[in-house]
Amino acid sequence: MQKHRKASVDDLCNYQKEIKYKIKLSSSFDLELKSKKIELENQLLKLKKSAKILNKKRNNILPKLKKDIENHLLNLGMPYARFMVEFNVNDQYHKLGNTSISFLFSANKGSSLLEISKVASGGELSRLMLAMKYIAAKTIKLDALIFDKIDTGVSGKIASLMANMMQEI
């Protein structure tokens, strides 16, 4: 007990079992490694299947989301606004699947869709955010919504329209 720094016979017996397990494990390392590889492959198949289902669900909802956002932007004084979500599937998996998502936007007639961060002004971002939050609030039961700087770049009639939407939420 002193040699192995154990306080009781039970602790010493448990330590003996632990050592025997480690010896057994090291002698069957190849089998254990093969088992773990099979387990890993099975988990990867499950992950790929789940990601495929998630991507399919995302693609199914996109046309309605696009239409709803564009309709809300039209009501908020942006008649030529276009919105699109772009998915790029890759081999890297993360907590949201294996897809990177880009939000594309154009506020002007004939303009190309580009990433929101590159083309949207403060007022356009405010209206777009409100449209997204409005849809989320109507779709998902939320206890609270935060409208931080939602009024940036808007005033007058547009601000009044935005206030009406927020009041409806």
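Residues numbered from 1 in each chain as written. Predicted model: local features only at pLDDT ≥ 70, side-chain atom pairs only at ≥ 80, totals over all residues. Heavy atoms only, no water.

All right, on to the packing of helix H4 (residues 122-139) against helix H5 (residues 156-168) then. It is at 10 Å that the axes of H4 and H5 come closest, and there the two elements cross at 15°. Our classification of the angle between H4 and H5 gives roughly parallel. With respect to the hand of their crossing, H4 and H5 are arranged in left-handed fashion. Contacts between H4 and H5 involve Ser126, Arg127, Leu130, Ala131, Tyr134 and Lys138 on the former and, on the latter, Ile158, Met162, Met165, Met166 and Glu168. Taken together, the residues of the contact of H4 with H5 break down into seven nonpolar, one polar and three charged. (Axes fitted to C-alpha atoms, helices over the stretch in contact; angles between N-to-C directions. Helix = DSSP H or I, 4+ residues; strand = E, 2+ residues; numbered from the N terminus. Parallel < 35°, antiparallel > 145°, perpendicular 65-115°, else oblique. Left-handed = near helix turned anticlockwise from the far one by under 90°. Contact = heavy atoms within 4.5 Å. Nonpolar A, V, L, I, M, F, W, Y, C, P; charged D, E, K, R; others polar.)

With that settled, the discussion passes to the pairing of strand S2 (residues 97-106). S2 sits mainly inside the fold: seven of its ten residues count as buried. Sheet topology note: the strand S1 (residues 82-94)/S2 ladder contains nine bridges and is antiparallel. Each residue of the ladder has a partner; that of Met84, found in S2, is Leu104. Between S1 and the antiparallel strand that follows it, S2, lie two residues. (Buried < 20%, exposed > 50% of the residue type's maximum accessible area, 1.4 Å probe, protein only. Pairing = 2+ DSSP bridges.)

Moving on: the layout of surface pockets. Space inside the largest pocket adds up to approximately 410 Å³. Lining the largest pocket are 17 residues, with Ile61, Leu65, Ile135, Ala136 and Thr139 positioned closest to its centre. Those elements giving two or more residues to the lining of the largest pocket turn out to be helix H2 (29-75), S1, S2 and H4. Of all the elements, H2 adds the most residues to the lining of the largest pocket, at seven residues. Considered class by class, the residues forming the lining of the largest pocket number 13 nonpolar, one polar and three charged. (1 Å grid on protein atoms, 1.4 Å probe; cavity = no way out; pocket = protein on both sides within 12 Å on 5 of 7 lines; lining within 4 Å. Points joined across faces, edges and corners; volume = space filled by probe spheres on them.)

Structurally, the position occupied by Arg58 is in helix H2. Leave out the neighbours within four places in its chain, and Arg58 touches Phe87, Leu96, Thr99 and Ile101.

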